[in-house]
Amino acid sequence: MATFAGLITISPKRKIGTIAAKVTLEELATDDLTITGHPVEAGADITDHAFSNPAQVVIQCGWSNADIEALSGFAEELLYDISQGAFGADYVSSVYAQLIALQKSRVPFDVVTGKRSYTNMLIASLAVTTDKESENILMVRVTCKQIIIVGTQVTTLPPAANQANPASTASTQNIGFKQVIPAMPASGGTVSPGAW
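J.: In this structure, what is going on with empty space enclosed by the protein? I would like to understand it.
T.: Rolled over the atoms, a probe as big as a water molecule pinpoints where empty space is left. Scanning all chains against the criterion turns up one cavity of 30 Å³ or more. As a volume, the largest cavity reaches approximately 30 Å³. Arg14, Lys15, Ile16, Ile19, Ala21, Thr24, Ile59 and Val112 are the residues that line the largest cavity. Each residue belonging to the lining of the largest cavity can be placed in one class, and the counts come to five nonpolar, one polar and two charged.

J.: Before we go on, may I ask you to explain the pattern of salt bridges in this structure?
T.: Two side chains of opposite charge can pair, provided their charged atoms sit close to one another. What the rule picks out here adds up to three salt bridges. With its nearest N and O atoms 2.7 Å apart, the salt bridge here joins arginine 14 to glutamate 27. Residue arginine 14 is found in the loop between strand S2 (8–10) and strand S3 (15–16), and its partner glutamate 27 is found in strand S5 (residues 23–30); the two are separated by 13 residues along the sequence. On the basis of relative accessibility, which here comes to 25%, the residue glutamate 27 falls in the partly exposed class. Close ionic contact of glutamate 26 with arginine 141 constitutes a salt bridge, the shortest N to O distance being 3.5 Å. Within this pair, whereas glutamate 26 is found in strand S5, its partner arginine 141 is found in strand S11 (residues 137–146), the two being separated by 115 residues in sequence.

J.: Sorry, what's going on with the side chain of serine 134 here?
T.: With respect to the helices, strands and loops of the structure, serine 134 is situated in the loop between strand S10 (117–128) and S11. The class of serine 134 is buried, set by a relative accessible area of 11%. Within the structure, the side chain of serine 134 is placed 2.9 Å from the backbone nitrogen of aspartate 131, a separation counted as a polar contact.

J.: What should I look at first to understand the sheet that holds S11 in this one?
T.: Whether parallel or antiparallel, the strands of a sheet pair through hydrogen bonds between backbone atoms. Overall, antiparallel pairing links the seven strands, which are arranged S4-S3-S9-S10-S11-S8-S5 in an open sheet. If you trace the sheet from one side to the other, it starts and ends with strand S4 (19–20) and S5, each paired once. Most of the contacts of helix H3 (residues 91–105) go to S10, to which it runs at about 120°, and overall it touches S3, S4, strand S8 (56–64), strand S9 (109–112), S10 and S11.

J.: Hey, could you run me through the environment of asparagine 136 in this one?
T.: Tracing the sequence through the fold places asparagine 136 in the loop between S10 and S11. It is 8.9 Å that separates the C-alpha atoms of asparagine 136 and tryptophan 63, two residues lying 73 residues apart in sequence. The contacts of asparagine 136, once residues within four sequence positions are left out, are Ser64, Asn65 and Val92.

J.: Looking at this structure, how should I read the nonpolar core?
T.: Buried together is how nonpolar side chains tend to be arranged in soluble globular proteins. Core analysis: the biggest nonpolar cluster contains 23 residues, and Ile16, Trp63 and Cys144 have the highest contact counts within it. Within the residue set of this core, elements represented by two or more residues are S8, H3, S9, S10 and S11. Among the elements that make up this core, the one with the highest residue count is H3 (five residues). If we skip the residues at most four places from it in the chain, cysteine 144 touches Ile16, Ala55, Gln56, Val57, Phe109, Val111, Met121, Leu122, Ile123 and Ala124.

J.: Just to check I follow, could you spell out the environment of glycine 62 for this structure?
T.: For glycine 62, the position within the fold is in strand S8. According to the relative accessible area criterion, glycine 62 is buried, its value standing at 1%. Along the sequence, glycine 62 and valine 92 sit 30 residues apart, while their C-alpha atoms lie 8.9 Å from each other. Among residues more than four places away in sequence, those in contact with glycine 62 are Lys22, Val23, Leu138 and Met139.

J.: Mind showing me how you'd approach the environment of valine 95 here?
T.: Structurally, valine 95 can be placed in helix H3. Remark: the alpha-carbon pair of valine 95 and glycine 62, spanning 33 residues in sequence, is separated by 9.6 Å. If we skip the residues at most four places from it in the chain, valine 95 touches Ile19, Trp63 and Leu138.

Conventions and cut-offs
Residues numbered from 1 in each chain as written. Predicted model: local features only at pLDDT ≥ 70, side-chain atom pairs only at ≥ 80, totals over all residues. Heavy atoms only, no water. 1 Å grid on protein atoms, 1.4 Å probe; cavity = no way out; pocket = protein on both sides within 12 Å on 5 of 7 lines; lining within 4 Å. Points joined across faces, edges and corners; volume = space filled by probe spheres on them. Nonpolar A, V, L, I, M, F, W, Y, C, P; charged D, E, K, R; others polar. Salt bridge = Lys/Arg side-chain N within 4 Å of Asp/Glu carboxyl O. Helix = DSSP H or I, 4+ residues; strand = E, 2+ residues; numbered from the N terminus. Buried < 20%, exposed > 50% of the residue type's maximum accessible area, 1.4 Å probe, protein only. Polar contact = N/O pair within 3.5 Å; in protein donor to acceptor, adjacent residues only side chain to side chain. Pairing = 2+ DSSP bridges. Contact = heavy atoms within 4.5 Å. Axes fitted to C-alpha atoms, helices over the stretch in contact; angles between N-to-C directions. Core = buried A, V, L, I, M, F, W, Y, C linked by side-chain atoms within 4.5 Å.

These values are about where atoms sit, not about what they do.
Right, dumping it as structure tokens:
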């Protein structure tokens, strides 16, 4: 986030939780609707026969050890890194560690893409390829899936005496311990106790 003369605040547009992508190559968003395959009665509420699946977005994004954030730090460390040709060698590893920690936390977060913002997202998968050309960069494919959070309520059922069929509609009750009785063979014959 950058502030100019205390007047304007500019935040990075694309984020995975609090992690801002330095470069985004691709965003693939999917919004699916599950629709019944069974016949629907004319006049029925169609919403009873179709429901939205969790949103999913796949982001291919990257970071580099040559980024200015990779080079920031104490002057001694920076000079040592430059002298060794490392140029912030731990930066991409630390970003990758942050992504893994975000995934393992299983705490819903927001995702901001170029087209849309998503809430209540979790990282379903992280895919990274490292080869001789990408040793000092982190190119990651992050698959985020939405958690649909709903509210629940507790209700009190009316007394069993007021119900037409309490055996089917009354609340559950603790009626104590029940002894398990072995079933008899299908032939109806007798079996000695030692045969069980």
